[in-house]
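# An overview of the molecular structure
Each chain, letter by letter, is given below.
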Amino acid sequence: MSNKDLLFKQLRDLHGYIRLLGENINQIQSRLDQLERNINEMKSTHTASIETNRTGLEDVKKVIASKAEVNSLFQELNKSLGGSLPALPVRTVEEPEVEEPEVEEPEVEEPEVEEPEAYQEEEREQEKSREEDRRRRFPFLRRFQE
């Protein structure tokens, strides 16, 4: 092999290497272009989402009440209900009368139970439960908490 043939062979090898290198660079460039397009699509999607959220927040800010406004409303309600509220009727549970068969038993004297005392105790418990219920439902009204 002559020097000329050796030189041509090296040039062909160099040409093949440069061609392969160019193909790899083209593949890298096409992948970078695809990534850039994907990033731009995501950016536009997120920008639109951010704009939608921003307008939604602005709409909420327009209709939301501040703490001071709510407090003043409660104060006005408290003032308008200045008088004492009427007492609620006491609920009594009426049990249906059950007729028991008559059984003759020897008469044993039972101690008398004071019914009015039992009823008063029941009324106190009902009143206590109503007050607790009012405190839970209307915690902002001071007179129910006293």
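This brings us to the pattern of salt bridges. Applying the stated criterion across every chain, the model contains 4 salt bridges. Linking K9 and D13 is a salt bridge whose minimum nitrogen-to-oxygen distance equals 3.7 Å. With K9 and D13 both in helix α1 (residues 3-63) and 4 residues apart, the pair spans about one turn of that helix. Overall, the relative accessible area of 40% leaves K9 in the partly exposed class. As a salt-bridge pair, E121 and R124 come within 3.0 Å of each other at their nearest N and O atoms.

Right, let's get into a nonpolar patch on the surface. Together, L7, F8, L11, L14, Y17, I18, L21 and I25 make up a nonpolar patch on the protein surface, roughly 810 Å² of accessible area in all. One can find L11 in helix α1. Classification of L11 as partly exposed rests on a relative accessible area of 47%.

Glancing now at the side chain of Q126. Tracing the backbone through its elements, the reader meets Q126 in helix α3 (residues 115-137). Beyond its immediate sequence surroundings of up to four residues, Q126 is in contact with V90, R91 and T92.

What follows is about the confidence of the model for the chain. With 69% of its residues at a pLDDT of 70 or more, the chain shows a mean pLDDT of 80. Taken element by element, the chain is modelled with least confidence in helix α4 (residues 142-145), mean pLDDT 50, and with most confidence in α1, mean pLDDT 95.

Cut-off values and rules
Residues numbered from 1 in each chain as written. Predicted model: local features only at pLDDT ≥ 70, side-chain atom pairs only at ≥ 80, totals over all residues. Heavy atoms only, no water. Salt bridge = Lys/Arg side-chain N within 4 Å of Asp/Glu carboxyl O. Helix = DSSP H or I, 4+ residues; strand = E, 2+ residues; numbered from the N terminus. Buried < 20%, exposed > 50% of the residue type's maximum accessible area, 1.4 Å probe, protein only. Patch = residues over 30% accessible without salt bridge, like charges linked within 9 Å, V, L, I, M, F, W, Y side chains within 5 Å. Areas by Shrake-Rupley, 256 points an atom, 1.4 Å probe, with all protein chains shown as cover. Contact = heavy atoms within 4.5 Å. pLDDT = per-residue confidence, 0-100.

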